[in-house]
Amino acid sequence: MTTFNRRSVLLAGLGAAGSGLLAACSTDTGGSAAAHGSGPTLVSPSGAAVAATEKKRHHSGRERRFRLTATAGTVDLGGGKTVRTWSFDGRLPGRELRLTAGDTLVAELANHLPQSTSVHWHGLALRNDMDGVPPVTQRAVAPGGAFTYRFVTDTPGTYWFHPHVGVQLDRGLYGPLIVEDPHEPLRYDDEWVVVLDDWLDGVTGTPDQALAALRRGMDHGSAPHDGKGGSHGGTGGMDGMGSMGGMDGMGDMSGTGGTQGADSMPGMQGMQEMPGMDDPFMLMGATSTLLGGDAGDVKYPHYLINGRVPAAPATYQGKPGRTLRLRIINAGGDTAFRVALGGHRLTVIHTDGCPIVHEPADALLIGPGERYDALVTLGDGVFPLVALAEGKGAAGLALVRTGSGRAPSASVRPAELNGRIPVATALRAAEGVRLKARQPDVTHRIELTGGMAKYDWALNGRRFDMNDAAAHPFTVGSGQRVRLQFVNATGMWHPMHLHGHTPQLGATGPRKDTVIVLPGSTATCDFDADNPGRWLIHCHNAYHGESGMMGLLGYDA
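Definitions and cut-offs
- Residues numbered from 1 in each chain as written.
- Predicted model: local features only at pLDDT ≥ 70, side-chain atom pairs only at ≥ 80, totals over all residues.
- Heavy atoms only, no water.
- Buried < 20%, exposed > 50% of the residue type's maximum accessible area, 1.4 Å probe, protein only.
- Helix = DSSP H or I, 4+ residues; strand = E, 2+ residues; numbered from the N terminus.
- Arc of directions from axis to C-beta.
- Contact = heavy atoms within 4.5 Å.
- Pairing = 2+ DSSP bridges.
- Axes fitted to C-alpha atoms, helices over the stretch in contact; angles between N-to-C directions.
- Polar contact = N/O pair within 3.5 Å; in protein donor to acceptor, adjacent residues only side chain to side chain.
- Salt bridge = Lys/Arg side-chain N within 4 Å of Asp/Glu carboxyl O.
- Phe/Tyr/Trp six-rings, centres within 6.5 Å; stacked < 30°, edge-to-face > 60°.
- Core = buried A, V, L, I, M, F, W, Y, C linked by side-chain atoms within 4.5 Å.
- pLDDT = per-residue confidence, 0-100.

Chemist: I'd like a description of helix 1 (residues 48-56), backed by residues and values.
Modeler: Three or more residues of helix 1 are buried, namely Ala 49, Val 50, Thr 53 and Glu 54. Viewed along the axis of helix 1, the buried residues span an arc of 140°, placing them on a single side of the element. Set apart from the buried face of helix 1 by more than 90 degrees, the exposed residues are Ala 48 and Lys 55. Structurally, helix 1 contributes buried residues whose contacts are with strand 7 (146-153).

In C-alpha cells form, the structure reads like this:
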C-alpha cells in the first residue's frame, strides 16, 4: 500500500473546516420526488430531490478521474501463496483513490468479470443514484459492460469501496478511498492506510460456496453454533447478555470507564474441538468476550494486512520520533479485528470518517465496514502491527520499520493487545460534528433476528428481498430527526451499516455509519434526514446481509 507523505501539517482548527466539509457528519436539507414500487411512494434515486441536494454540496470545481477494472486473475499474497480471485486491476487491495473534499469523483467501472457487479462507496454521503446498490439505485453492470460514477465528495475522512452484489465483497474487490481535508487541523508527518481482510477465495473455495454451505445451516448434522442446542434466534440465545447493554453499555463491561481489557490469550477463547470442525467453511466454537460470545461464522485460512500474509508482511518505512496517521479499514467479510502496534500507544482521532474527542488506546476493536484513524509517535526499531482475528485464534501482521533490528515472528502477539481498548460508546463526537440536542420525529425499532440453525438472518423477522426492496421500507421525511434502535435478539454480534448517512451513537457518542451491536442488546443511533433517496440498512457481515439481514430506509415522496 502506498503511503502519503505529509510534513508537519498544521492548519486551521476543526471549526475552520467549514460546515460544507462536514456535511455527512452534520446536517443539510433535502427534498422529495415521486417514485414507484410495491410499497409506499418513495423518493426516486435519480429524482429531483436527489439532484437538488447534490447541488447544495460544497464543490471545489475540480474533477478527479479514475478507472477501475473488475477482473478475474491471479493475485500474490506473499510467502509463495498465490490465489485465483477477483480484484480491481489485479491489485490487492485495489488502487487507493485520494481526493480533496469538494472534488468531484469520476470513476469508470469496466466489468471484465463473468458476473454482474457494481461499486458501493462505503461511508460517503453521496447522491443516491451513485450509491452502487443494484437494483435499488442502479442496474447492475453486466459482464463486458461499464458504468461511470460521478459525485461530489464533500466530507473529509477515511472511506472505502467494494461491490454490492452477492458476496463479491469477500473476494478481492475492494480498495481505500481517502478524502483529505483542505483545512486539516491535525499535525502529523506521514500517513499509512491499513486495510484488513479475512481470506478464503481461491484457497478453500469461493465466497459463494461458503454461503451455500452456511445456508444449509446447523440443522443438517452439525452441532449448534451457539453451543446451547438451538439457533441464535428467539430472544437472545445467551444467558444474561441483555445486561451488557450492547454498544450503548459496553463501557460498563470492564468497570474501567469505557475500556475493555483483553484476555490473557487474546483471540483464543472458545476454540474447542466440536462437531463440524472439519467443514472447510463453517467455523465452530469461536468465542470472544469483547464480542459478547460467538465470534464468527466463517473459517478463513488467511488474515491479511494490505493484501499480505504474516509470512511476508507489508512494511511501513519511517523515521523514529515522527508522528504517523494510521487510517485503518476493516474490509473483512465475517471477522472483527483487534489491532495493536507493538511498543506504542495510539491516540484515536476519527471513527468512520468523523472526528472525535481524542482518546488514548493500546488497541482497537474494528468490525467489518468500520474505520478508525489514530496518531502514533514512532519509536526506533522494528515493530509489529498485529490484527488479531477476534476469537478465531489467528492474526494478520504488518511491520513498522524505523531503524535496524530483526523482524518479529509471524506469531507475535504484542502486550498492547491486552491493554486499553476503548469501545464506541466510550468515545465522544468532536464538537464540530456533534448533533444538536433534539427529540426524534420518528423512531424505527429494528430487531435483528435469525440464527445459524437455519441461517435465516433478518430484520424484524422478515428476510430482505432485493428485487422487491421497497415493499417494507423504514420511511422518513426530509428534515426529520430520525432514531434507529437496533435490538439484537440473536446470540451473535452484528455490525449494522446505514448507507448515505453518518448517525450519532447515543446522546454525545461518535458519528458512525457502522455500529457493532452485541447479543441481547440495543444500540440507539440518531441522524438528520438530509440526503433523500433509498438507502440500505444491513449487517456488514457479508453472509448475514446476503442471507436477509437487510432493510431499506426510504424518504417519503
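Chemist: Give me the lowdown on the environment of Ala 542, citing residues and values where you can.
Modeler: Secondary-structure assignment places Ala 542 in helix 3 (residues 542-547). Put simply, Ala 542 and Leu 169 are 373 residues apart on the chain and 7.1 Å apart in space, counted from C-alpha to C-alpha. Ignoring any residue separated from it by four or fewer positions in sequence, one finds Ala 542 in contact with Val 167, Leu 169 and Gly 333.

Chemist: How would you summarise the sheet that holds strand 27 (residues 494-498) if you had to cite specific residues and measurements?
Modeler: If you walk across this open sheet you meet the five strands as 25-32-31-27-29, and the pairing is mixed. The outermost strands of the open sheet, each flanked by one partner alone, are strand 25 (474-476) and strand 29 (514-517). The sheet shows a mean angle of 20° between the axes of neighbouring strands, taken without regard to direction. Pairing analysis gives three bridges linking strand 27 to strand 31 (residues 534-539), with the strands arranged antiparallel. Each bridged residue has a counterpart across the sheet, and for His 497 the counterpart in strand 31 is His 538.

Chemist: How would you explain the side chain of Asp 154 if you had to name every residue and give the values?
Modeler: Relative to the assigned elements, Asp 154 resides in the loop between strand 7 and strand 8 (157-162). Side chain to side chain, Asp 154 and Thr 155 meet in a polar contact 3.0 Å long.

Chemist: I'd like a description of the pattern of salt bridges, backed by residues and values.
Modeler: For the structure shown, the criterion picks out 29 salt bridges. In this structure, the salt-bridge partner of Glu 54 is Arg 57, at a minimum N-O distance of 2.7 Å. Judged by relative accessible area, which is 7%, Glu 54 ranks as buried. Relative accessible area serves as the criterion here: at 6%, Arg 57 is assigned to the buried category. Taking the shortest distance from any N to any O, the salt bridge between Asp 373 and Arg 325 comes out at 2.7 Å. Within this pair, whereas Asp 373 is found in strand 20 (residues 371-377), its partner Arg 325 is found in strand 15 (residues 323-330), the two being separated by 48 residues in sequence. Judged by its relative accessible area of 2%, Arg 325 is buried. By sharing partners, the salt bridges in this structure join Glu 96, Arg 98, Glu 180, Glu 184, Glu 191, Arg 325, Arg 327 and Asp 373 into a single network.

Chemist: With reference to specific residues and values, describe the packing of aromatic side chains.
Modeler: With the rule as written, the count across this model stands at nine aromatic pairs. Ring centres of Trp 121 and Tyr 149 lie 5.6 Å apart, and the angle between their planes is 75°; this geometry places the pair in the edge-to-face category. Placement of Trp 121 in strand 6 (residues 120-122) and of Tyr 149 in strand 7 is noted, with a sequence separation of 28 residues between them. An aromatic cluster of three or more residues is present, and its members are Phe 88, Trp 121, Phe 147, Tyr 149, Phe 151 and Phe 161.

Chemist: Would you mind going over the pairing of strand 3 (residues 81-88) in detail, with residue names and values included?
Modeler: Sheet topology note: the strand 2 (residues 63-78)/strand 3 ladder contains eight bridges and is antiparallel. Across the sheet, Thr 71 pairs through a bridge with Ser 87, a residue of strand 3.

Chemist: Please give an account of the nonpolar core that cites residues and values.
Modeler: Of all hydrophobic cores here, the largest spans 135 residues; its most connected members are Trp 121 and Tyr 543. Residue contacts for Tyr 543: discarding those within four places in its chain leaves Val 167, Asp 170, Leu 200, Pro 207, Ala 210, Leu 211, Leu 214, Val 298, Tyr 300, Gly 333 and Tyr 455. Listed in part, the nine residues of the second largest apolar core include Leu 42, Ala 469, Met 550 and Leu 552.

Chemist: Requested: an account of the confidence of the model for the chain, with residues and values cited.
Modeler: Mean pLDDT over the chain stands at 86; residues scoring 70 or higher make up 82%. Note that pLDDT drops below 50 for residues 1-23; the model gives that stretch 69 contacts with residues more than four away or on any other chain. Taken together, the stretch residues 26-37 has pLDDT below 50 and engages in 41 contacts with residues farther than four places along the chain or on a different chain.

Chemist: Could you give an account of the sheet that holds strand 8, with specific residues and numbers?
Modeler: If you walk across this open sheet you meet the four strands as 4-9-8-6, and the pairing is mixed. Sheet topology places strand 4 (97-100) and strand 6 at the edges, where each strand pairs with a single neighbour. Each strand of the sheet is rotated relative to its neighbour by a mean of 25°, with strand direction disregarded. Judged from the four bridges that link them, strand 4 and strand 9 (residues 175-180) form a sheet pairing that is parallel. Among the inter-strand pairings, Arg 98 is bridged to a residue of strand 9, identified as Ile 178.

Chemist: So what's going on with the environment of Ala 314? Residues and values would help.
Modeler: Here Ala 314 shows up in the loop between strand 13 (302-305) and strand 14 (315-317). A relative accessible area of 12% means that Ala 314 is categorised as buried. Counting along the chain gives ten residues from Ala 314 to Leu 304, while the straight-line C-alpha distance between them is 9.3 Å. Look past the residues within four positions of Ala 314 in its chain and what remains in contact with it is Ile 305, Asn 306, Arg 308, Leu 397, Ala 398 and Leu 399.

Chemist: Account for helix 2 (residues 207-216), naming residues and giving values.
Modeler: Looking only at helix 2, the buried set comprises Pro 207, Ala 210, Leu 211, Ala 213 and Leu 214. What you see down the axis of helix 2 is that its buried residues fit within an arc of 160°, all on one side. Buried residues in helix 2 make contact with helix 3.

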